[in-house]
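Tertiary structure, described
The chain contents come next:
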Amino acid sequence: AAKLTQELPPPGLVEGVSPLLVLYQQSRQRVHRFSRELLKHLRFSITRVSISCSMSATASNGEVDGFDPLANKPKRSAKHKDSKDKGKKIASPNQFQQLQQKQVMNALVDASKNEQKYRADLAAAIAEHGEKHINVCRQATRLADLCYHTGRFVEAEPLLRQALSIAEVDEECGPQHPETAKLVNNLGNVLRKQGKQEEARSMHERAVNIAQAVFGRCHPNTDTARSNLVELLDEMNEGHKALAILEQAVIDEQEQPDSNTKQQRLAGALRGLAAVQIKQGKMKEAETSLTRSLALFQEALGNNHPATGSTMAAIANLLRTEGREDEAFPHYTKLLEITEAALGPKHPQCGIALHSLAQVNLALGKRALGMLALAEAGTHQAEAMKCIERAVSIMRHVHGGVHNLLADFLDTMATCAIAVGNDAQASEASKEASSVREKTKEMMLAQKEAAASIDLKRMQHNMKAEMQSKAAGTQPSAGVYDEPLLNPTQERLRKKLAAKSSAGK
């Protein structure tokens, strides 16, 4: 939505324009409002949507593999920023934790309300059109999506099978239709989540065939279906088949007419191929693929684009894995510059880039120390300490002291402190890392308890409604419970937050 609003022409209507342009102007304003609210909500969300072929960061070992596509917002000038942020208080870690728990609770309650509405809409569509109508298919698909995103894959499977059976015979869709391809792909994902790999494989292969027939071999929807099939084959230890599929995808992209879009798509295909090559231990081939991908991204998008940075990060991670830290160092340095320019100096991706740079400096310092180059070793160790201190500061500001990524950064800080001879700081960082992990574990446990409690209350309500309907000889209600109920943990949190809010006022 943010990208759409940037590409739309500037506002302003001329007298005598057609009603269509007036409607367009109103729609544009609604998109502006929606995009602002969307970005505001996602900025504080503790969950992240996993997008196929996305540029994600590997937090466990500090390797950087990309950027957050939802956080790229226009930067304000320094003067405006200072005037707006002057006197603004930064939330404490406890406030961040309470905010995250409150948002998880609200998200669970909203999901239950939406499910009630979706089930009612599905029942109404069946009553109005019958069980084989395309509207029933779409309502079942919407309910299945909600079940999938709340982790209830067993409930999502029959809904998707019902929707697929309708779409395959419907005159509007049919077996070779984009909507059918989407249903087949989603059903494959649901089966894969349940461990039914063989069934999921047949579905993903079918989705790829439909997408290639409908959209062509070089299309984003085909890429998504192909990516899901490749991931499944990799899970099934059939990496050689996944590699063959991606190599064919690269050949298909090379045969397309020359254009800027072709360069970007070919670069993305090469990067996906390199990821599978790395998993199979083909490091030289992966380095060649990534080098080609980086050159294409630089030519098509420039040196300071996030896609260029993510590919540069992949090359740096590969070099570092092979123990070639001296070659990886300039890549990480350039990556930090790109990240700061694209996302701002306080973005979490900057923290991840700084963490990787600190680890590379530590490795280079250790190597220099082994060669008795004491001055060079001291320089690298001091630079590592500066990088990790800034990285920890960014993560504290973003996550509020409750995140496993912050704990990993604190462990690296302890290692850096030992390298520079500051044992007191190392001990303090290690203790804080342990505390952060405990708090994160408690928060995740509370979230699981909240989700399990809502699922239990949903089942109890449905069983009670079914028994009452059987006794009365009527059909059971299509909704879930009318008022979303809170478990004891959520109720205590709600009262605590309300008490703090009243005390603050």
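All values reported here derive from a predicted model rather than from experimental measurement. (Residues numbered from 1 in each chain as written. Predicted model: local features only at pLDDT ≥ 70, side-chain atom pairs only at ≥ 80, totals over all residues. Heavy atoms only, no water.)

When its secondary structure is counted, the protein shows 19 helices and 0 strands. Expressed as a percentage of the 505 residues in the protein, the buried residues total 40%. Considering only residue pairs separated by 6 or more positions, the protein has 64% of its internal contacts joining residues 24 or more positions apart. With the model as given, the accessible surface of the protein reaches about 27800 Å², and the carbon-plus-sulfur share is 55%. (Helix = DSSP H or I, 4+ residues; strand = E, 2+ residues; numbered from the N terminus. Buried < 20%, exposed > 50% of the residue type's maximum accessible area, 1.4 Å probe, protein only. Contact = heavy atoms within 4.5 Å. Areas by Shrake-Rupley, 256 points an atom, 1.4 Å probe, with all protein chains shown as cover.)

The next thing to look at is helix α11 (residues 260-279). Between its terminal C-alpha atoms α11 stretches 30 Å, which fits the 28 Å expected from 20 residues at 1.5 Å a residue. Buried within α11 we find Lys-262, Gln-263, Arg-265, Leu-266, Ala-267, Ala-269, Leu-270, Arg-271, Leu-273, Ala-274, Val-276 and Gln-277. Elements in contact with the buried residues of α11: α9 (220-235), α10 (239-254), α12 (283-301) and α13 (306-321). Just downstream of α11 lies Gly-281, where phi reads positive at about 80°. (Expected span 1.5 Å × (residues − 1).)

Here the protein shows a mean pLDDT of 76. Residues at 70 or above account for 68%. Contacts for the low-pLDDT stretch residues 43-97, under 50 throughout, to residues beyond four places or in other chains number 91 contacts. Segment residues 476-487: pLDDT under 50, and 37 contacts once partners within four positions in sequence are set aside and those in other chains are kept. (pLDDT = per-residue confidence, 0-100.)

Okay, the environment of Glu-131 next. Relative to the elements of secondary structure, Glu-131 occurs in the loop between α4 (93-129) and α5 (134-149). Every residue in contact with Glu-131, bar those within four places of it in the chain, is listed here: Ile-126, Val-136 and Ile-166.

Another aspect to go through is the packing of aromatic side chains. For the structure on display, the rule yields 1 aromatic pair. Judged by centre distance (5.4 Å) and plane angle (65°), the rings of Tyr-148 and Phe-153 are edge-to-face. (Phe/Tyr/Trp six-rings, centres within 6.5 Å; stacked < 30°, edge-to-face > 60°.)

At Asn-237, a position not held by glycine, the phi torsion is positive, near 60°. Among the secondary structure elements, Asn-237 is positioned in the loop between α9 and α10. For Leu-372, which is not glycine, the phi torsion reads 65° and is therefore positive. Its place among the elements puts Leu-372 in the loop between α15 (348-370) and α16 (374-399).

In a regular helix each residue adds 1.5 Å, so 26 residues correspond to 38 Å; α16 covers 37 Å between its end C-alpha atoms and thus fits that length. For α16, the set of buried residues is Ala-377, His-380, Gln-381, Ala-384, Met-385, Cys-387, Ile-388, Ala-391, Val-392, Ile-394, Met-395 and His-399.

Summed over the entire model, instances satisfying the criterion amount to 33 salt bridges. In this structure, Glu-238 and Arg-201 form a salt bridge, with 3.0 Å as the shortest nitrogen-oxygen distance. Of this pair, Glu-238 sits in the loop between α9 and α10 while Arg-201 sits in helix α8 (residues 197-215), placing them 37 residues apart in sequence. Residues Glu-238 and Arg-201 agree in their burial class; the two are buried. Three or more residues are tied together by salt bridges with common partners; here these are Glu-115, Arg-119, Arg-152 and Glu-155. (Salt bridge = Lys/Arg side-chain N within 4 Å of Asp/Glu carboxyl O.)

Bringing the packing of α9 against α10 into the picture now. Each pair of packed helices can be summarised by the angle the axes make with each other and by the distance between the axes. At their nearest, the axes of α9 and α10 sit 8 Å apart, and the two run at 155° to each other. Taken together, the axes of α9 and α10 are roughly antiparallel relative to one another. The hand of the α9/α10 crossing is left-handed. Along the contact surface, α9 presents Arg-226, Leu-229, Val-230 and Leu-233, while α10 presents Gly-239, Lys-241, Ala-242, Ile-245, Leu-246 and Ala-249. Broken down by class, the residue content of the contact of α9 with α10 amounts to 7 nonpolar, 1 polar and 2 charged. (Axes fitted to C-alpha atoms, helices over the stretch in contact; angles between N-to-C directions. Parallel < 35°, antiparallel > 145°, perpendicular 65-115°, else oblique. Left-handed = near helix turned anticlockwise from the far one by under 90°. Nonpolar A, V, L, I, M, F, W, Y, C, P; charged D, E, K, R; others polar.)

Here the focus is the environment of Leu-364. If you trace the backbone, Leu-364 turns up in helix α15. A C-alpha to C-alpha distance of 9.6 Å links Leu-364 and Arg-324, two positions 40 residues apart in sequence.

Helix α17 (residues 404-419) packs onto α15 with a crossing angle of 30° between their chain directions and a minimal axis gap of 11 Å. What the angle tells us is that α15 and α17 run roughly parallel. The chirality of how α15 crosses α17 is left-handed. Residue-level inspection shows Gly-351, Ile-352, His-355, Gln-359 and Leu-362 of α15 in contact with α17, the latter providing Leu-405, Asp-408, Phe-409, Thr-412, Thr-415, Cys-416 and Ala-419. Of the residues assigned to the contact of α15 with α17, the class counts are 6 nonpolar, 5 polar and 1 charged.

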